[in-house]
Amino acid sequence: MATHFVVTYTATAGANGPLLGTDEEDIVLMQFLVWDAVCRKVVTEQQYIVRPPTEDINENVLGEQCREDFGLTEDQVKNGQPLENVVDSFDAILSKIAEGDTGRVAMVTDGQLHLRQVMHPKALARNLTLPDYYNSFYDLRKEFKSFYHSEEMNSVPDMINFLDLESDENEELASRTVRDMGRIIARMISDGHRFVLPESILIRLEPGICSRTEEVDSACVVRARGLPWQSSDQDIAKFFRGLNIAKGGVALCLSPQGRRNGEALIRFISPEHRDMALKRHKHHIGNRYIEVYKATGEDFINVAGGSNNEAQTFLSRGGQVIIRMRGLPYDCTPKQVVEFFESGENGCQILDSEDGVLFVRKPDGRATGDAFVLFSSEEDSTRALGKHREIIGSRYIELFRSTTAEVQQVLNRSMDPRTYEQQQPLIAQLPQVPLLPQQIITSGTRKDCIRLRGLPFEAQVEHILEFLGELAKSIVYQGVHMVYNAHGQPSGEAFIQMDSEHSAFLAAQQRHHRYMIFGKKQRYIEVFQCSGEDMNMVLTGGLPAQRPVVSPGGTVIAPPFGAFPLGPAPPVLNAVGAVTPRLPTYPGVAYPTMFYWPYPSPPVSPSSPYYGSPPHLATPATPPHHTIIAPECLPIQASGDTSRHNGEAVATM
């Protein structure tokens, strides 16, 4: 048993009590009481007022409940100590009391929230590493119920009343709570209770394999949505820091194109942790809020479960880190992959050399250009990811942090012959969709385009050029393509064709998540590098067959663009003089409605559009820049949330 018990209490500027930690407010008060289990007495009591981050100190940060419960003022909080100083200061005091042996120190809290929902998430947000004794604790409510076989104890006053102990109601709430908890601990030890099984807080997600035959409790699973598409399983585990996720318990969801779609399923070790995870609904990763909903064990198995023997053998090697490679030459060998990572100044070793490489293949054995690679440590993974976009043969290779669940998904999908079947529309015949006259849109796999999403609907070509700044000089002639939805309204998306892949890469790197100022508004714009093939996938709604392209001169472009597969070719429209880039409206025209899958994954939007009746268009004018009609995206809203709309635009540079 521990020699010293540290009773710990935290308060935030916002909600406290049972709602503690649900609103992401900062810690403003920490109270500690150290109880000596050998001498059975209180050794010290420390109270710290914690100052919020510097960006908040000029604002009023305290909520009304916090002021009433703890008697704090704005001046006290703004003159408090930073959280890292508070942790260091108390650690020095505790080390002195324990004579340097803090390994025999045990923290005690009233419930789970103080450490799991507040202390650990806030420490992570400030890149603060907590001392080891913060990673385990005793929940006084559970210890009390287990020892006295009482009913559920929901607060310290309930335990005080049960034991018929006295409490000073005139004391400030935090001080009264830790002192009452000290009295309860002393009484429990006096009555013969031993504190022997502390709860642990896992700091790192552990790898694990999930099979399709495994049973997963639905009460332990949540679905997270709105994740940055480049998030790894460790990033998601950090979002839920303080809560214990089962081994291999993060499964990233993939779109029909095999790319991450911003969703993940997370499996926790118990329903209690799942319930606390649900309270992080609309908490943030960076500037993005993350939605958290209940999910089922079946959902998790469908994503994370695997039956592929090759994948099971690969994952059982026990690597700590998995890297996904994309864009490999089809004739690439394991030896070439090993040499790719070992070369250069920052070379790194693949776990088990060539046996640590798993190529993704089609059912007939042909390569897909993807592979997974195992590494033994985080240090190796950092060096490995530093080789992102380096060359094998004549191809640059993309590298991404991956997960056991993603390996299972990709292997399961790659070996399913249905994956490579041509997608069929859900209705027997899709009517033709007339095209506006436009110049030939670039095609091919060269990633010399960028895709802009989140543009203000009022944005014009000149606003895009201003947003790109010096990078606009790399746009090819008539290379800006504004995208309009099927109703003739701006979609908030644009494609831009650049003069080289390097220019497109620089534009995506330097302008992604930058703000476009439009009047008094400002919108952050997403910028992704993509290819002409990706662009055409977006504009055609993911149809496998291509439609004819009508040139400004009024001629239908011959194959390889292909003939229209779903009906007679559209009428050729005569080209006329240039007008403004905004799409004109036509009296009496009813544009068809098209639906996408609800959660697109850049740079490829979801497939399977649905079409309404074909419209009858009058001859429109041809703008100087391309005006593209794209299917209207109507994302499905969850839980009545209408705050997120499509807001995309495509431009080719």
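What you see is a predicted model; the values in this text were computed from it and never measured. Sequence positions are assigned chain by chain, starting from 1 and proceeding in written order. Residue-level local features of this predicted model are given only where pLDDT is at least 70; pairs of side-chain atoms are given and counted only at 80 or more, and the full residue set underlies all totals for whole chains, interfaces and linings. To obtain the side-chain values, all non-hydrogen atoms of the structure were included, while hydrogens and water were left out.

Visitor: For this particular structure, what's the right way to read the pattern of salt bridges?
Guide: Side-chain pairs of opposite charge can arise whenever the charged atoms involved come near each other. Between Lys or Arg on one side and Asp or Glu on the other, a salt bridge is scored when a side-chain nitrogen of the former is within 4 Å of a carboxyl oxygen of the latter. With the rule as written, the count across this model stands at 35 salt bridges. A salt bridge links Arg223 to Glu263, with the nearest nitrogen and oxygen atoms 2.8 Å apart. Residue Arg223 is found in strand β7 (residues 221-225), and its partner Glu263 is found in strand β9 (residues 260-268); the two are separated by 40 residues along the sequence. Only protein chains enter the area calculation, which uses a 1.4 Å probe; residues under 20% of their type maximum are buried, those over 50% are exposed, and those in between are partly exposed. Here Arg223 falls in the partly exposed class, since its relative accessible area comes to 22%. For Glu263, a relative accessible area of 9% puts it in the buried group. Of the charged contacts, one joins Glu291 and Arg225 as a salt bridge, the two residues approaching to 3.1 Å between their closest N and O atoms. Placement of the pair is Glu291 in strand β11 (residues 288-294) and Arg225 in strand β7, with a sequence separation of 66 residues. Helix and strand assignments come from DSSP, with helices taken as H or I runs of at least 4 residues and strands as E runs of at least 2, each series counted from the N terminus.

Visitor: Looking at this model, I keep getting lost on a negative patch on the surface. Mind explaining?
Guide: There is a patch of like negative charges on the surface, built from Glu339, Glu342, Glu354 and Asp355. When you line up the elements, Glu342 lands in helix α12 (residues 334-342). Overall, the relative accessible area of 37% leaves Glu342 in the partly exposed class. Patch criteria: residues need more than 30% relative accessible area and no salt bridge. Like-charged residues are merged within 9 Å; nonpolar side chains of Val, Leu, Ile, Met, Phe, Trp and Tyr are merged within 5 Å. With residues, only the protein chains shown are counted as cover, and all accessible areas are computed by Shrake-Rupley using a 1.4 Å probe. Lys and Arg are tallied as positive, Asp and Glu as negative. Neither His nor the chain termini are counted. To locate a charge, take atom NZ for lysine, CZ for arginine, CG for aspartate or CD for glutamate.

Visitor: Even after reading the chapter, I still don't get the packing of aromatic side chains, so can you show me in this structure?
Guide: A ring pair, where both rings are aromatic, is described by two values, the distance of the centres and the angle of the planes. For this analysis, a ring pair means two rings from Phe, Tyr or Trp (six-membered ring only for Trp) whose centres lie within 6.5 Å, classed as stacked if their planes differ by under 30 degrees, edge-to-face if by over 60, and tilted for the remaining angles. One pass over the full model with this rule turns up 18 aromatic pairs. Measuring from centroid to centroid gives 5.0 Å for Phe5 and Phe195, while their planes differ by 55°, and the two rings are tilted. Note that Phe5 is positioned in strand β1 (residues 4-12) and Phe195 in the loop between α7 (173-190) and β6 (199-200), a separation of 190 residues in sequence. On the numbers, 6.4 Å between centres and 65° between planes, the contact of Trp229 with Phe528 is edge-to-face. Here Trp229 is found in the loop between β7 and α8 (233-239), whereas its partner Phe528 is found in strand β22 (residues 521-530), with 299 residues between them in sequence. The partly exposed category is assigned to Trp229, whose relative accessible area is 32%. Residue Phe528 is classed as buried on the basis of its relative accessible area of 5%. One aromatic cluster is present, formed by Phe5, Trp35, Tyr138 and Phe195 through successive ring pairs.

Visitor: What is the right way to read the nonpolar core from this model?
Guide: Proteins that are soluble and globular tend to have nonpolar side chains buried together. Among the buried residues, those of types Ala, Val, Leu, Ile, Met, Phe, Trp, Tyr and Cys that are joined through side-chain atoms within 4.5 Å form a nonpolar core. In this structure, Met119, Tyr134, Phe240 and Ile266 are the most contacted members of the largest nonpolar core, which totals 47 residues. By the convention used here, residues are in contact when the closest approach between their heavy atoms is within 4.5 Å. The residues touching Ile266, leaving out its near neighbours within four places in the chain, are Cys220, Val221, Val222, Ala224, Ile236, Phe240, Ile245, Gly249 and Val250.

Visitor: What should I look at first to understand a nonpolar patch on the surface in this one?
Guide: A grouping of Tyr515, Ile517 and Tyr524 is seen on the molecular surface, where their side chains present a nonpolar patch of about 310 Å² in accessible area. Inspection of the secondary structure assignment puts Ile517 in strand β21 (residues 514-518).

Visitor: Is there a simple way to think about the sheet that holds strand β8 (residues 245-254) in this case?
Guide: Taken together, the five strands give an open sheet; going across it, the order is β8-β9-β7-β11-β10, and neighbouring strands pair in antiparallel fashion. Lying at the two open borders of the sheet, with one neighbouring strand each, are β8 and β10 (283-285). Averaged over neighbouring strand pairs, the angle between their axes works out to 30° when direction is ignored. Lying on the sheet, helix α10 (residues 297-304) is in contact with β7, β8 and β9; it crosses β8 at an angle near 70°. What makes two strands pair is DSSP finding at least two bridges between them. Helix axes are fitted only over the stretch in contact, all axes being lines through C-alpha atoms; the angle between N-to-C directions runs from 0 to 180 degrees.

Visitor: How should I be thinking about the pairing of β1 in this particular structure?
Guide: Consecutive side chains of a regular strand alternate in pointing toward one face of the sheet and then the other. Across the nine residues that make up β1, a large majority, nine, are buried. Residues His4, Val6, Thr8, Thr10 and Thr12 point to one face of β1 and Phe5, Val7, Tyr9 and Ala11 to the other, with burial holding for every one of them. By the bridge criterion, four bridges tie β1 to strand β4 (residues 105-109) in an arrangement that is parallel. Residue Phe5 lies in a different strand from β4, and its bridge partner there is Ala106. Inspection of the sheet shows β1 paired to strand β2 (residues 27-36) by nine bridges, in the antiparallel sense. Along β2, the bridge assignment pairs Phe5 with Trp35.

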